[in-house]
Amino acid sequence: MTDVDWEALRTAARDAMSRAYVPYSGYPVGAAALVDDGRIVAGCNVENASYGIGLCAECGLVSALQLGGGGRLTHFTCVDGSGETLVPCGRCRQLLYEFGGPELQLETPEGILPLSAMLPQPFGPGHLDPSQPARPR
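Note that the coordinates shown come from a computational prediction; the quantities given were computed from them, not determined experimentally.

Rules used throughout
- Residues numbered from 1 in each chain as written.
- Predicted model: local features only at pLDDT ≥ 70, side-chain atom pairs only at ≥ 80, totals over all residues.
- Heavy atoms only, no water.
- 1 Å grid on protein atoms, 1.4 Å probe; cavity = no way out; pocket = protein on both sides within 12 Å on 5 of 7 lines; lining within 4 Å.
- Points joined across faces, edges and corners; volume = space filled by probe spheres on them.
- Nonpolar A, V, L, I, M, F, W, Y, C, P; charged D, E, K, R; others polar.
- Buried < 20%, exposed > 50% of the residue type's maximum accessible area, 1.4 Å probe, protein only.
- Helix = DSSP H or I, 4+ residues; strand = E, 2+ residues; numbered from the N terminus.
- Pairing = 2+ DSSP bridges.
- Right-handed = clockwise from strand over helix to strand, strands pointing away.
- Patch = residues over 30% accessible without salt bridge, like charges linked within 9 Å, V, L, I, M, F, W, Y side chains within 5 Å.
- Areas by Shrake-Rupley, 256 points an atom, 1.4 Å probe, with all protein chains shown as cover.
- Salt bridge = Lys/Arg side-chain N within 4 Å of Asp/Glu carboxyl O.

A.B. asks: What exactly am I supposed to notice about the layout of surface pockets here?
C.D. replies: Empty space left among the atoms is revealed by rolling a probe the size of a water molecule over them. Within this model, the largest pocket holds a volume of roughly 260 Å³. As for the largest pocket, its lining consists of 19 residues, of which Val-29, Asn-45, Leu-55, Cys-56 and Ala-57 are closest to the centre. Partitioned by chemical class, the residues of the lining of the largest pocket number 13 nonpolar, four polar and two charged.

Here it is in structure tokens:
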């Protein structure tokens, strides 16, 4: 899959961002990713009065992935309220690793990078059970 329509991903992320629930921070975020079967999944951040348990846009995206039948993420982008490209936080990089692996391509302000460049030496399934592969399934 060499010809990725990054603009379509950004459009899906911006659309998701427009649905974010951010009454406390006022900082909407949207994320979109391409799945290995060609689907696009998206998510937005959702806050609540107990600040620490808000959900990042990546959480919604992964939930949509699983709800839609699963699969592997291949390409990912994330935008802020102005539609500008963001990088995922550390927690979300770990979440993306679980569902996309080190080869997942991320759009960043500095260009397209593999997740392995954004999350070196990740914690994976192999750390929990030696019979499991070090890379996510």
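A.B. asks: Looking at this model, I keep getting lost on the pairing of strand S3 (residues 73–79). Mind explaining?
C.D. replies: Regular strands have side chains that alternate between both faces of the sheet. Counted residue by residue, S3 has seven buried out of seven residues, so it is predominantly covered. As defined by bridge partners, strand S1 (residues 30–35) adjoins S3 across six bridges and the pair is classed as antiparallel. Among the inter-strand pairings, Ala-32 is bridged to a residue of S3, identified as Thr-77. Crossover S3 to strand S4 (residues 105–108) through helix H3 (residues 90–100) is right-handed.

A.B. asks: Explain a nonpolar patch on the surface to me, please; I cannot follow it from the model alone.
C.D. replies: A contiguous nonpolar surface patch, about 530 Å² in accessible area, is contributed by Tyr-21, Tyr-24, Val-46, Tyr-51 and Leu-55. Overall, the relative accessible area of 44% leaves Leu-55 in the partly exposed class.

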